[in-house]
Structures are given as structure tokens and as C-alpha cells.
Amino acid sequence: MAREALRADGQERRSGDRRLQFAARQRGRARRAGRNIGIAILTGLISGGCSAQLIALINRAISDNSNENLVWYFAGLAVLALVTGVISQFLLIYLSQEAVYNLRLSLSRGILSSPLRHLEELGANRLLATLTDDVGTLSNTIFLIPFICVDMAVVVGCLFYLSTISGAVFVVVFAFLALMIGTVQLLLNKMRKFFDLAREEQDILFKHFRSITEGIKELKLHSLRRQEFFDEELQVSAADSRNYNLQALQTGAVAIGFGQLLFFVLMGLLLFAVPKFVPVSTSVLSAYILTSTYLMSPFQNILQRLPAIFRANTSVDKIERMGLALASQSEITAPLQSVKNADWQTLE
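These numbers were taken from a predicted model, which means no experiment stands behind them. Throughout this description, residue numbers start from 1 for each chain and increase along the sequence as written. Local features in this predicted model are restricted to residues of pLDDT 70 or higher, and side-chain atom pairs are both shown and tallied only at a pLDDT of 80 or more, whereas totals for entire chains, interfaces and linings draw on every residue. Heavy atoms from the whole structure form the basis of all side-chain values; hydrogens and water molecules are not counted.

**Things to note about the overall build of the protein chain**
Link 1 in the chain: A count of helical and extended segments in the protein chain gives 9 helices and 0 strands.
Link 2 in the chain: Helix numbers and strand numbers start at the N terminus; a helix is a DSSP run of H or I with at least 4 residues, a strand a run of E with at least 2. Scanning the protein chain from its N terminus toward the C terminus, one meets helices and strands in the order α-α-α-α-α-α-α-α-α.
Link 3 in the chain: The rule is simple: take the accessible area with a 1.4 Å probe, protein chains only, and divide by the maximum for that residue type; under 20% is buried, over 50% is exposed, in between is partly exposed. Within the span of the protein chain, comprising 348 residues, buried residues form 36% of the whole.
Link 4 in the chain: Note on contacts: a residue pair is in contact if any heavy atoms of the two residues lie within 4.5 Å. Across the protein chain, every contact between residues at least 6 apart in sequence was considered, and the portion connecting residues at least 24 apart equals 87%.
Link 5 in the chain: For the area figures, the Shrake-Rupley method with a 1.4 Å probe applies, and any residue is considered shielded solely by the protein chains shown. Split by element, the accessible area of the protein chain, about 21,200 Å² in all, is 63% carbon and sulfur.

**A look at the nonpolar core**
Link 1 in the chain: Counting residues in hydrophobic clusters, the biggest one holds 41 residues, and the most contacted among them are Leu270 and Tyr288.
Link 2 in the chain: Listed by contribution, the elements that provide at least two residues to this core are helix H1 (2-63), helix H5 (144-165), helix H6 (167-214), helix H8 (223-277) and helix H9 (282-322).
Link 3 in the chain: For Leu270, the residues in contact, after removing those within four places along its chain, are Val169, Val173, Pro275, Leu285, Tyr288, Ile289 and Ser292.
Link 4 in the chain: Remark: nonpolar core denotes a set of buried residues (Ala, Val, Leu, Ile, Met, Phe, Trp, Tyr, Cys) joined through side-chain atoms within 4.5 Å. Listed in part, the 6 residues of the second largest apolar core include Cys50, Leu70, Leu77 and Ala81.

**Remarks on the packing of H6 against H8**
Link 1 in the chain: Note on geometry: axes are C-alpha line fits, over the in-contact stretch for helices, and angles between N-to-C directions span 0 to 180 degrees. The interhelical angle for the contact between H6 and H8, taken along N-to-C directions, is 170 degrees, at an axis separation of 8 Å. Taken as axis vectors, H6 and H8 run roughly antiparallel relative to one another.
Link 2 in the chain: Note that Gly is not counted as nonpolar here; it falls among the polar residues with everything else outside the nonpolar set of Ala, Val, Leu, Ile, Met, Phe, Trp, Tyr, Cys and Pro and the charged set of Asp, Glu, Lys and Arg. Residues that form the contact of H6 with H8 fall into these classes: 34 nonpolar, 11 polar and 4 charged. Working definition: roughly parallel below 35 degrees, roughly antiparallel above 145 degrees, roughly perpendicular at 65 to 115 degrees, and oblique for all remaining angles.

**Focus on the pattern of salt bridges**
Link 1 in the chain: We count a salt bridge whenever a side-chain nitrogen from Lys or Arg sits within 4 Å of a carboxyl oxygen from Asp or Glu. All told, the structure shown has 6 salt bridges when counted by the stated rule.
Link 2 in the chain: For Arg210, the salt bridge identified is with Glu214, shortest N-O distance 2.9 Å. Placement of both Arg210 and Glu214 in helix H6 is noted, with a separation of 4 residues, approximately one turn of the helix.
Link 3 in the chain: Arg210 gets classed as partly exposed once you look at its relative accessible area, which sits at 34%.

**Thoughts on the packing of aromatic side chains**
Link 1 in the chain: Whether two aromatic rings pair depends on their centres lying within 6.5 Å, for rings of Phe, Tyr and Trp, where Trp uses its six-membered ring; planes under 30 degrees apart make the pair stacked, over 60 edge-to-face, and the rest tilted. A full pass over the atoms with the stated rule returns 3 aromatic pairs.
Link 2 in the chain: With a centroid separation of 6.0 Å and 65 degrees between ring planes, the pair formed by Phe206 and Phe209 is classed as edge-to-face. A residue pair is termed a helical-turn pair when its members lie 3 or 4 positions apart in one helix, as Phe206 and Phe209 do in helix H6 at 3 residues.
Link 3 in the chain: According to the relative accessible area criterion, Phe206 is buried, its value standing at 13%.

Now the structure itself:
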């Protein structure tokens, strides 16, 4: 008895040491992640600022007859924008993939530590859909985030440049952009609802897939039941999932096209409407037209990637609603004991 008590006491101490080591590793990872996020944001902003400054330099070179002194300045800004943009993307790519890695471990940890009754209530089809479809969607989408962050930094830098050359024209441009974003957001919200419906239907579809794999013998033996299952359950669920996804993507396409149209409307305002109501010089107007034309590319990139981001948000909401994160972590904070080190005497 004394030997068993000493052994149990030693195992508890080792388990406590492992918990402390695990917690220390987690704190170290959190600090490194925070530092990398700060560096990524800083380099992204520098890259966006350099891009805006390049636009300003191009406008200055067009309006100035002497361009010899601007060559090295232009080359330096281009290289700095390239280097800082690549550094920002590298850091964000690492952080995004680390987030997917931690998500997979967190989900697996939640499943392993959840009570059996809770898992049975969730259903194997929902667990499988989350581990495959939701995590796969996040994994395929997460690499877009670095590019979106760089595009947003370029947009912020260009808007800051526009605010410095004419405050009155900038107010008009900013108000129109706010109206454009609000209008497009209404369409994107509708797209999000269709993605939510498609994701709910995905659970039912995975349930039918599970019925195929686990009940294949029964379906093979009963041809009438097999045909009824295919026509009235599987095919209907697959069609609903397809239709919801089609409606979501078509709504997203309309939002993207509408956003591009509004950008051309902005060009028309700058060319034909603003000069009639706001006193503005030709050089300032040309700078706004040039910068707005340059902004079309990052804005279009952001709009085209938004459907994937919204689908990923739907997956994240689905994971959170599942409630796996609420499971007790006490069984997983310490590494599992190796079987070969266990001193088993009998099985009870």
C-alpha cells in the first residue's frame, strides 16, 4: 500500500510538472504570436504607405518636367514596398496556418474530453462535418487573409494620401465610398444567410453519407428502400445544399459587379460633378483620378475574396455553436501516459 501511495504521489507530481510546462509553452507561443502580429501590422502599414507614396511620386513626375532626381527615390520606395509587403505576408501566413493547427488540436481536444452523452447528442455526422468540411473550409480560406491585410493597408495608405492633397474632395470621396461599402454590405449579408442555410444542410447531407457507409448492407438487400433513400433523402438534401450555395455565390457576384460599377460612378463624379461644386485644380483632380484608378485593384481583390471569408465565418460560427470548447480540459492538459510505462496488474 505504501509503495502504491508513493507511486501515485510521484505520478501526481510529474503530472503537475507537465501541466506547468504545457502552460509555459502556451504563454511563450502567445507572446511570439503577439510579437509577430505587431510586426506584420507595422510592415503592412509601411508597405501600404510606400504604395501611396509611389502614387504621389508618379503624379509629381507627370506634372513636373524634371524627373531625374526622382528616379532613385522611386526605386527605393518600390523596393521598400516589396520587402515590407513580403515580410508582412510571410508573418501573416505563418500566423494563419498556426491558427488552423491550433483549431484542429482544440477540436480534437474538445471531442476527447467531452462526455459521451454530449457527443451522442451532437451526432457523429455533425462532428464529421466540422472536422472535415468546416476545418477544410478554414484551411483553404485562411491563406487569403494575408493578401486581404496587405490590400487593406494599401487602401488606408492611399486614402491618407488623398486626405493630404484636398480635404474638401476627400470628404466627397470618403462619403461616396462609405455609401458604396454600405450598399455592398447589404448584398453580402444576404449572401451570408444563404451560406448559413447551406452549412445547416451540410449536416443533413453528411448524415446521409454516413447512412450509406454504415448501412450499405441493408440498402443492398432492399432495393426499394435503397431507391427511396436516394430519391427522397440524399438527392433532395444534395439539391438544397447546391441551391443555397448557388444563391450565395450569385449574390456575391452581384455585389462584386455592383462595387465595380460604383467605382466608375466615383470616377464620373470626380471628372464631371466635383469640379462644378468644389474649387479644385487640375493637378489635384488628376491625382485623385490616378489614385482612385489604382485603388480599384485592391478593392476588387477584397470583394472577390469576401465570399470565401463569409463561408469561413459560417464555419467558425458552426464550430462555436457546437460547444466543444466548453468541455473540460483537465484530461488533456497533461500528456497521456505511455502504455509501456503503465504498471498494470489486473483489468477491472
